[in-house]
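# Topology and contacts: notes
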Amino acid sequence: MEKGFPQKCFLVCANFTGILLVKSGKSLTALDGKDGRELWELADVRLGSTSLADMPGALERGLNVLEVPGMGVLLLNGARLPINAERRLIALNLITGERLWDAAPVDEIMTVIPLYENGQIVVVSRRVQKKIFAAEAAGAAMAVEFSPLVLSALPFPYRFELERLDLATGKVQWKNTRERLAPARRA
Amino acid sequence: MEEYPRTFGPGATSVNAIGDHLFVYFGNHFLGCVDLANGKVLWEDGAKHLWSGSLPLPMQMANGRLIYGSKDVQAIDPETEKVAWIIEDLGEVTGIFVHDGLAVAIGEKRMAAVDTTTGAERWSRKTHGHTTNLLWEKGTDTLLYMDWRGLHRAERTTGKSLLDAKLQTDTPPHYLRMAGPKAVVAIGYNETDCYNTETGKKLFTEAKLSALFRAEAFLDNWPLPEDGQGLVRMVPVPSVDEEWESIRQWTLLSATELQNMAESATQQDGLLDVYQTETEKGERRIWWVDGQTNRQMVIRPAAKQHDVSRQLGNVFAVNGKTLWAAKIEMN
């Protein structure tokens with residue numbers, strides 16, 4: 001199987017259903033992984049996180065594009081369709097590409113935890129603190145060169161965010177933003 | 001809201017929903033428990049020490065108690081934080097396995113098994129430092145692990161030693177994965193080795209692991225981050241019958257698509273994984289272990305981006321404007 005795209009392409013998405021998602025230029029195409037058959041295409045969708053989009057390789061690593069296993073729902077975080085004025089967390093039907101709902105975006109999705117008994121999910125994300133991250137990038141390069149252990153002593157440049165929402169409607173049940181993490185009570 | 005001091009690097013993260021709670025667990029063995037009903041943090045456990053290169057340990061429930069590792073291994077009531085039992089003096093804990101009323105934990109000093117109801121110790125055996133995680137071989141009900149002395153296999157219920165093969169590398173690995181019915185991959189910081197689990201013989205050596213293509217997912221965290229996050233399964237697939245039943249109420253997948261996914265999910269963990277290693281000179285090799293012959297199968301990747309699905313029997317490659325797929329043997 002060989003398929004050409006009008007522009008440079010790359011695979012995105014942590015995917016469990018055997019569907020390939022290919023980003024090329026503005027388009028996002030879903031292909032059946034068995035035979036390459038095209039399932040659907042969004043001609044104009046911009047992907048990217050709010051704090052990592054401009055970092056090298058962020059999109060190629062499949063950040064912010066995630067299938068909820070078994071539910072047939074694809075989440076595009078920090079994405080913009082022509083009908084959206086700004087970036088959103090968008091849920092699509094994985095098989096048809098139909099837009100199901102959209103909600104306020106989170107920063108960088110780390111994982112989605114499905115709550116199968118009630119059709120809800122917890123979106124776990126982290127927000128990069130750019131200034132700290134940039135300072136650490138330089139420090140980390142030196143640490144890798146001289147002593148990898150130094151990496152563990154670097155400041156932690158993320159805040160964790162948890163958000164529980166209904167997968168059918170996108171309605172948020174609760175949201176918990178942690179300033180990095182709270183201190184341990186039982187150290 | 002109070003914050004941690006900025007000098008806090010917790011390492012890789014795992015997140016699990018168990019019962020009414022969400023557990024966020026870090027490579028430094030720091031654990032946070034969140035109430036799934038309202039998102040409030042109920043409790044946190046662990047010291048604010050820095051990440052030391054280990055991965056988050058498995059967490060399991062037994063008898064309504066959460067069994068997890070921090071300084072020691074303990075079973076607690078997630079609601080009250082009341083500790084039911086503790087396994088102490090293990091040294092730095094590197095692995096936990098809970099099954100059928102028995103919790104087995106391994107650390108740098110020893111390995112011990114306790115009754116999950118009472119915490120009474122059933123057996124204990126000495127380990128020799130630089131231990132790995134525990135791998136359960138279901139067919140033989142044995143546990144595999146490595147330490148400074150080599151590859152070991154012990155009976156889960158008795159601790160009786162069935163294999164003690166000498167370490168055949170200069171540096172011990174820190175993580176083991178099943179790579180086939182008779183093969184285990186030992187992942188070190190600069191080297192990846194494969195061993196025959198029946199004889200303990202080293203089958204082959206590869207360079208540093210640079211990517212892991214999980215059997216159940218495409219592009220699950222590619223490439224491998226330095227903190228080992230790629231070795232932690234981040235997005236859980238349904239694992240028990242009740243979850244598959246619940247999914248049918250909500251899923252947008254057809255019955256056939258769901259059935260296909262359920263069948264691939266029931267494959268034994270890791271047996272169809274594919275690995276990518278890379279030398280210091282940047283030479284990449286994609287490989288796996290054939291389940292029938294126990295021989296290494298190798299692809300020398302030439303494109304910019306690859307993925308491999310042994311389930312579908314395809315290797316995918318992306319170069320410039322072209323995506324192509326080629327058939328591979330599926331054993």
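Residues numbered from 1 in each chain as written. Chains lettered and ligands numbered in written order. Predicted model: local features only at pLDDT ≥ 70, side-chain atom pairs only at ≥ 80, totals over all residues.

Looking now at the overall build of chain A. When its secondary structure is counted, chain A shows 1 helix and 13 strands. Across the 187 residues that make up chain A, the buried fraction comes to 42%. Nonlocal contacts in chain A, meaning residues at least 24 apart in sequence, comprise 43% of its contacts between residues at least 6 apart. (Helix = DSSP H or I, 4+ residues; strand = E, 2+ residues; numbered from the N terminus. Buried ≥ 20, exposed ≤ 12 C-beta atoms within 10 Å, placed from the backbone. Contact = placed C-beta atoms within 7 Å.)

Our next topic: the sheet that holds strand 8 (residues 83-87) of chain B. Residue and element names in this part refer to chain B. As summarised here, the arrangement of the 4 strands in space is 5-6-7-8, forming an open sheet in which the pairing is antiparallel. Taken across any chain shown, the strands that pair with only one partner, and hence form the sheet edges, are strand 5 (60-62) and strand 8. When the angles between neighbouring strand axes are averaged without regard to direction, this sheet yields 25°. Here 4 bridges tie strand 7 (residues 73-76) to strand 8, and the two strands are oriented antiparallel to one another. Counterpart to V73 in the pairing with strand 8 is I87. (Pairing = 2+ DSSP bridges. Axes fitted to C-alpha atoms, helices over the stretch in contact; angles between N-to-C directions.)

In this section: the sheet that holds strand 25 (residues 305-309) of chain B. The strand order 1(A)-27(B)-26(B)-25(B) describes an open sheet built from 4 strands, whose pairing is antiparallel. Of all strands in the sheet, those bounded by a partner on one side alone are strand 1 (2-4) of chain A together with strand 25 of chain B. On average, adjacent strands in this sheet sit at an angle of 15° to one another, irrespective of strand direction. Where strand 26 (residues 314-319) of chain B and strand 27 (residues 322-327) of chain B come together, 6 bridges link them in antiparallel fashion. Directly across from V315 of chain B, in strand 27 of chain B, lies its bridge partner A326 of chain B.

Everything listed here is a matter of coordinates, which is why it stays silent on function.
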